[in-house]
Amino acid sequence: MVDEEKVAAEMERRRFLADRNVGDVVSLLQRRAELRGVYPAADLVADNVGWVV
């Protein structure tokens, strides 16, 4: 039997962690411009978040 409250809590926890991780990548790339181009996926995340905000 699935506990709906546990599932909802885990989903919320994962959303929070995902948001925090994206924010950390964007913050890092803003502080350390020399890291741009090292990992293209991080550049893509930072650029897309910039457009959303």
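Novice: Help me understand the pattern of salt bridges, please; the structure alone is not making it clear to me.
Specialist: Inspection of every chain in the model, using the stated rule, returns six salt bridges. Notably, a salt bridge pairs Glu10 with Arg13, separated by 2.8 Å at the nearest N-O pair. Note that Glu10 and Arg13 are positioned in helix H1 (residues 4-31) at a spacing of three residues, about one turn of the helix. The partly exposed category is assigned to Glu10, whose relative accessible area is 27%.

Novice: Could you clarify how one ought to interpret H1 in this entry?
Specialist: Note that an α-helix has 3.6 residues per turn; residues three or four places apart therefore point the same way. The first and last C-alpha atoms of H1 sit 41 Å apart over 28 residues, in line with the 40 Å expected at 1.5 Å per residue. Where H1 begins, one side-chain oxygen reaches toward the backbone nitrogen of Glu5, 3.2 Å away; that side chain belongs to Asp3.

Novice: Just checking my understanding: could you explain a nonpolar patch on the surface for this structure?
Specialist: A cluster of nonpolar side chains, contributed by Val2, Val7 and Met11, occupies part of the molecular surface with about 270 Å² of accessible area. Following the sequence through the fold, Met11 ends up in helix H1. Among the residues examined, Met11 registers a relative accessible area of 46% and is labelled partly exposed.

Novice: Is there a simple way to think about the environment of Gly37 in this case?
Specialist: Inspection of the secondary structure puts Gly37 in the loop between H1 and helix H2 (40-52). Residues Gly37 and Val25 lie 12 residues apart in sequence; the distance between their C-alpha atoms is 13 Å.

Rules and cut-offs
Residues numbered from 1 in each chain as written. Predicted model: local features only at pLDDT ≥ 70, side-chain atom pairs only at ≥ 80, totals over all residues. Heavy atoms only, no water. Salt bridge = Lys/Arg side-chain N within 4 Å of Asp/Glu carboxyl O. Helix = DSSP H or I, 4+ residues; strand = E, 2+ residues; numbered from the N terminus. Buried < 20%, exposed > 50% of the residue type's maximum accessible area, 1.4 Å probe, protein only. Expected span 1.5 Å × (residues − 1). Polar contact = N/O pair within 3.5 Å; in protein donor to acceptor, adjacent residues only side chain to side chain. Patch = residues over 30% accessible without salt bridge, like charges linked within 9 Å, V, L, I, M, F, W, Y side chains within 5 Å. Areas by Shrake-Rupley, 256 points an atom, 1.4 Å probe, with all protein chains shown as cover.

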